[in-house]
Amino acid sequence: MALKCGIVGLPNVGKSTLFNCLSHVKAQAANFPFCTIEPNVGVITVPDNRLNALAELVKPRKIVPATVEIVDIAGLVKGASKGEGLGNKFLANIRETNAILHILRCFDDENVTHVDGSVDPVRDKEIIDVELQLKDLETIEARIDKVEKKAVTGGDKEAKVAFDAYSKVREALLKGESARTVSFDTKDEQKVIDNLYLLTSKPVLYVCNVDEDSVVKGNQYVDAVKDAIKGENAQILVVAAKVESEIAELDTYDERQEFLNELGLMESGMNRLITSAYSLLNLQTFFTIGSDEVHAWTFQKGCKAQQCAGLIHTDFERGFIRAEVIKYEDFIAYGTENAVKEAGKMAVEGKEYIVQDGDIIYFRFNV
């Protein structure tokens, strides 16, 4: 599975600059609202030092990293859910993403216009939240209209489950709360809501875009955002998009690392952003290795061996026999598959085995 994230935010908060850093797809970045007219889509590789270490030992013809798809839409403004600005027409582009990256401007710069005239990331967050909530409310109310009669007077059990789930979300949205804050009594109710791909049901990573001086310790704007999202099922990350764009222009790894060290950072904000997105969605990585390729595969934490086999090919899942599993640390220590086997470090697992992050797996199947 490929991770798909949608970038949202007001105009001129650094969305397109951040997108360019992430994807190296050069979206237009300009100091005026609505410079992103068409949604930009970029596919980027997930940084993973383990993949490189395995490739050093195996010497494959090809290395295939896990990927993340990033969708950047036009900046949203107040009234977007009702058609104001250009962002509304592109909300559908992020409906089927796994998570939302909400970019907040947390820096002062008189040369960069703010659409509302002043820097206030908490206000900006609330504007976007309201627009997404209103769009979801529109979806929920349309669904309630379809099932209410069957649920209340028709005795339709499925309609009753859907009606109850929709009603709970509707109540939260009317109170200005996002769908992801709602708890459901049954898995059936949760499934009904999951199938709607509501914008406010998605996990959110708030990305505070700061100036260079604030990239390590943050600033008062970041502190205000931290206070504002307490109680939300969300994470926060501090990056300096302008600094990240400068890092992206450097040619070599050593140059980029030296620049980061001068700033007091261990790794780039883009790497930290992808890692945070993985954590937010409970995603992990397993590997398949061979002379043809070393391949990283993204899976949901808790996924069983047979399910993970299906990520490679449906035949692997359908004809699953067993999974031969080597721990990453053991392969690095012994250097080859044969050496691992001789040391008794390869485990044979069945379809119920819970795959662990970093597992190297050989799937045996027959169809």
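Residues numbered from 1 in each chain as written. Predicted model: local features only at pLDDT ≥ 70, side-chain atom pairs only at ≥ 80, totals over all residues. Heavy atoms only, no water.

Undergrad: Sorry, what's going on with the overall build of the protein chain here?
TA: A tally of regular secondary structure across the protein chain gives 14 helices and 12 strands. By the burial criterion, 49% of the 367 residues in the protein chain qualify as buried. Counting contacts in the protein chain only where the partners sit at least 6 residues apart, residues at least 24 apart contribute 70% of the total. Carbon and sulfur atoms form 47% of the exposed surface of the protein chain, whose accessible area is close to 18200 Å². (Helix = DSSP H or I, 4+ residues; strand = E, 2+ residues; numbered from the N terminus. Buried < 20%, exposed > 50% of the residue type's maximum accessible area, 1.4 Å probe, protein only. Contact = heavy atoms within 4.5 Å. Areas by Shrake-Rupley, 256 points an atom, 1.4 Å probe, with all protein chains shown as cover.)

Undergrad: Looking at this structure, how should I read a negative patch on the surface?
TA: Side chains of D108, D211, E212, D213 and E246 sit close together on the surface and give a patch of like negative charge. Its location among the elements puts D108 in the loop between β5 (99-105) and α4 (121-152). (Patch = residues over 30% accessible without salt bridge, like charges linked within 9 Å, V, L, I, M, F, W, Y side chains within 5 Å. Salt bridge = Lys/Arg side-chain N within 4 Å of Asp/Glu carboxyl O. Lys, Arg positive; Asp, Glu negative; His and termini not counted. Charge placed at Lys NZ, Arg CZ, Asp CG, Glu CD.)

Undergrad: Just checking my understanding: could you explain the pairing of β5 for this structure?
TA: Taken residue by residue, a regular strand's side chains alternate between the two faces of the sheet. The buried fraction of β5 amounts to seven of the seven residues, a majority that puts the element mostly inside the structure. The alternating pattern of β5 places A99, L101, I103 and R105 on one face and I100, H102 and L104 on the opposite face, and all of these are buried. Two elements, strand β1 (residues 3-8) and β5, share four bridges in a ladder whose sense is parallel. Bridge assignment links C5 to a residue of β5, and that residue is A99. Taken together, the six bridges between β5 and strand β6 (residues 204-209) define a ladder with parallel strand orientation. Each bridged residue has a counterpart across the sheet, and for I100 the counterpart in β6 is V204. (Pairing = 2+ DSSP bridges.)

Undergrad: Would you explain the nonpolar core in this entry?
TA: Soluble, globular proteins show a tendency: their nonpolar side chains are buried together. Grouped together as the largest cluster of nonpolar side chains are 71 residues, with contacts concentrated most on L22, V68 and I70. Once residues lying within four places of it in the same chain are set aside, the contact partners of I70 are C5, I7, F19, L22, N40, V41, G42, I44 and L101. Core analysis: the second largest hydrophobic core is formed by 20 residues, A151, A159, A165 and L173 among them. (Core = buried A, V, L, I, M, F, W, Y, C linked by side-chain atoms within 4.5 Å.)

Undergrad: I would appreciate a short explanation of the side chain of K202 in the present structure.
TA: Turning to its location among the elements, K202 is positioned in the loop between α6 (187-194) and β6. For the buried residue K202, which engages in no salt bridge, the nearest side chain bearing the opposite charge is D136, 8.2 Å off. Among the polar contacts listed, one links the side chain of K202 to the backbone oxygen of T97, at a separation of 2.9 Å. Ignoring sequence-local partners within four residues, the contact set of K202 consists of I94, R95, E96, T97, N98, A99, I100, R180 and Y197. (Polar contact = N/O pair within 3.5 Å; in protein donor to acceptor, adjacent residues only side chain to side chain.)

Undergrad: Mind showing me how you'd approach the packing of aromatic side chains here?
TA: For any two aromatic rings, the description comes down to two numbers: the centre-to-centre distance and the angle of the planes. Counted under the stated rule, the structure contains five aromatic pairs. The interplanar angle of 85° and the centroid separation of 6.0 Å between the aromatic rings of F286 and F363 together place this pair among those described as edge-to-face. With a gap of 77 residues between them, F286 in strand β8 (residues 283-289) and F363 in strand β12 (residues 360-365) connect regions that are remote in the sequence. Residues F286 and F363 agree in their burial class; the two are buried. Members of the aromatic cluster, connected to one another through ring pairs, are F286, W297, F299, F320 and F363. Its guanidinium or amino end placed over the ring of F107, R105 lies 4.5 Å from that ring's centre, counting from NZ or CZ. (Phe/Tyr/Trp six-rings, centres within 6.5 Å; stacked < 30°, edge-to-face > 60°. Lys NZ or Arg CZ within 6 Å of the ring centre and 35° of its normal.)

Undergrad: Sorry if this is basic, but what is going on with the sheet that holds strand β7 (residues 234-239) here?
TA: What links the strands of a sheet is backbone hydrogen bonding, and the strands pair in either a parallel or an antiparallel sense. Strand order in this open sheet of six strands is β2-β4-β1-β5-β6-β7, and the pairing throughout is mixed. Single-partner strands in this sheet number two, and they are β2 (40-45) and β7. The sheet shows a mean angle of 25° between the axes of neighbouring strands, taken without regard to direction. On the sheet, helix α10 (residues 269-280) packs against β1, β2, β4 (67-72), β5, β6 and β7 and is oriented at approximately 175° with respect to β7. (Axes fitted to C-alpha atoms, helices over the stretch in contact; angles between N-to-C directions.)

Undergrad: Honestly, α6 in this entry has me stumped. Any pointers?
TA: Count 3.6 residues to each turn of an α-helix, and residues three or four apart come out pointing the same way. Buried residues of α6: E189, V192 and I193, and no others. Take α6 and look down its axis: the buried residues cluster within an arc of 95°, on one side only. In α6, the exposed positions that point more than 90 degrees away from the buried face belong to K187, D188 and K191. If you follow the buried residues of α6, they end up packed against α5 (157-174). (Arc of directions from axis to C-beta.)

Undergrad: What am I meant to see in helix α11 (residues 305-312) here?
TA: Every buried residue belonging to α11 is among A305, C308 and A309, and all of these are buried. Down the axis of α11, the smallest arc covering the buried residues is 105°, so these residues share one side. Residues of α11 that are buried sit in contact with β8, β9 (293-300), α12 (314-318), β10 (320-326) and β12.

Undergrad: Would you take a moment to explain the pattern of salt bridges for this structure?
TA: According to the stated counting rule, one finds 18 salt bridges in the structure shown. Among the ionic pairs, R170 bridges to E141, the shortest N-O distance being 3.3 Å. Here R170, found in helix α5, pairs with E141, found in helix α4; they are 29 residues apart in sequence, far enough to count as distant. In this structure, E337 and K341 form a salt bridge, with 3.1 Å as the shortest nitrogen-oxygen distance. Of this pair, E337 and K341 both sit in helix α14 (residues 337-342), four residues apart, which is roughly one turn of that helix. A single salt-bridge network, built from bridges that share partners, covers D48, R50 and D357.

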